[in-house]
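# Understanding the architecture of this molecule
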Amino acid sequence: MSDRYDVAILGGGFGGYVAAIRAAQLGLHTALVERDKVGGTCLHRGCIPTKALLQTAFLLDAARHGERFGVRIGEVELDYATAAKYRDQVVGQLYRGVESLLKKNGVTVVRGHGRFAGGGVLQVSGADGYTDVAAESVILASGSRVRSLPGLEIDGSHVISSDDALKLDHAPRSAVILGAGAVGVEFASMYRSMGSEVTLVEVAERLVPLEDDDVGTQLQRSFERRGIRCLAGARLDPGSLERNEGGIAVTVARDGKEERVQGELLLVAVGRAANLEDIGIDGTSVRTENGAVVVDDLQATGEPGVYAVGDMVGGFLLAHKAAHQGIIAAEAIAGQDPHPLDPILVPRTTYCSPQIGSMGLSEREARAAGHEVRSGTFPFRANSRAVIWGEAEGFCKVVTDAASDEILGVHMLGQEVTELVAGPALGALLEATPYEMSRAVAPHPTLSEVLAEAAMAVRGQAIHV
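Cut-offs applied
- Residues numbered from 1 in each chain as written.
- Predicted model: local features only at pLDDT ≥ 70, side-chain atom pairs only at ≥ 80, totals over all residues.
- Heavy atoms only, no water.
- 1 Å grid on protein atoms, 1.4 Å probe; cavity = no way out; pocket = protein on both sides within 12 Å on 5 of 7 lines; lining within 4 Å.
- Points joined across faces, edges and corners; volume = space filled by probe spheres on them.
- Helix = DSSP H or I, 4+ residues; strand = E, 2+ residues; numbered from the N terminus.
- Nonpolar A, V, L, I, M, F, W, Y, C, P; charged D, E, K, R; others polar.
- Phe/Tyr/Trp six-rings, centres within 6.5 Å; stacked < 30°, edge-to-face > 60°.
- Buried < 20%, exposed > 50% of the residue type's maximum accessible area, 1.4 Å probe, protein only.
- Lys NZ or Arg CZ within 6 Å of the ring centre and 35° of its normal.

### Things to note about the layout of surface pockets
For the second largest pocket, the calculated volume is near 540 Å³. Only α3 (47–64), α6 (182–193) and α7 (213–225) provide two or more residues apiece to the lining of the second largest pocket. Per-element accounting of the lining of the second largest pocket gives the leading share, 4 residues, to α3. By residue class, the composition of the lining of the second largest pocket is 6 nonpolar, 8 polar and 8 charged.

### Considerations on the packing of aromatic side chains
Taken as a whole and judged by the stated rule, the model has 2 aromatic pairs. Summarising the aromatic geometry, the rings of Phe 14 and Tyr 17 are spaced 5.5 Å apart at their centres and angled 85° between planes, so their arrangement reads as edge-to-face. With Phe 14 and Tyr 17 both in helix α1 (residues 14–25) and 3 residues apart, this pair spans about one turn of that helix. Judged by relative accessible area, Tyr 17 falls into the buried class, the value being 10%. Taking the centre distance of 5.7 Å and the plane angle of 55° together, the rings of Phe 187 and Tyr 191 count as tilted. With Phe 187 and Tyr 191 both in helix α6 and 4 residues apart, this pair spans about one turn of that helix. Judged by its relative accessible area of 3%, Phe 187 falls in the buried class. When the ring centre of Tyr 95 is taken as reference, the NZ or CZ atom of Lys 37 above it lies at 5.4 Å. Above the face of the Trp 389 ring, Arg 385 is positioned so that its terminal group lies 4.8 Å from the ring centre.

Okay, here's the thing in structure tokens:
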């Protein structure tokens, strides 16, 4: 290509396209290399399409329970084809929005598979052959992909990934889900709402093992009340997989006993792996550890002029984290003085029913880090809005350091808590104490009142329990 750019970005996912827009805003001549559609996994195979289907699942449950509010609906049925059409409409609308934003900001989008070729050059293989995109600085944002277990081959029909699940034309009659992290519990929740028989298998002793222990324990109780079979502390034998007339059968071992578990399909939700292969970093000073690129506080790698953001740098694999890292990298390249991203301040959201919203350290993590922990918990059943909503299950928990009064973490399980967790994240950024958190006035009746009550509960001062 004839132009030389100020910055070239490899990967048009959430981290990459946000970095491109921010760089262009700062006056940098910017190119974005993407072999597929801009928006990446989050928009096309992850966050957005799954949440659209989860919205369908939420409405199914609401419709089934309408009579308690005096709303008689009659027989409730799932029209999966229409739900899938709605999902695709949402994705399409947001995809067109991203393309429009890139165009509006003057970002040049180069289609094709890109590799770092050294010296600020991305070599792009596209439909018309090879082209070089040269720039003063490069941001790597190649993202991640679903992974499986050794010996467990994903075939896209009987053994599927979350990517494959979004291509199905129906909700399965029954499903075995391997992995009870965010992806696993979201699909378990969605399928159950859609009428599927669900067995959830997790090797850890609790569901959502990266969350606070209390969250995993109560989520399992909730799931089991909904009819989701939860096999925590269990191991699935990949070599035991059998394809049969009913779908699949596998052997699961728990508490010294083995059993065969049958389902129409096996959904493998055991995590993701960074896309580090064939991007040209071998033989460079870009260093990797444990399958992730090592970066400094401003997202710079060991290779001069090369930055990396998003899933490929490890930690929590979250789209919003990738976006913030992309902004930091763009601002650093532009000579700004961006504030590094503290991973403790990155909120996490899981859209099962009930939802999970969390930020910072769990109580177990805080104790392991050497903190003298003081925590406070407030139940949703004591919140007026939750009772009105008919969704009084769950709680808000605030974890603090007893000596410094620092808020170390906030953990919530309940209706729409994904919309609440940004508040504690802002409070943590501003170094709020539990006292300050409790004195931020929340309107009544709203779910947001649980934040102040849980903060007051740290010192045994909660009002409504």
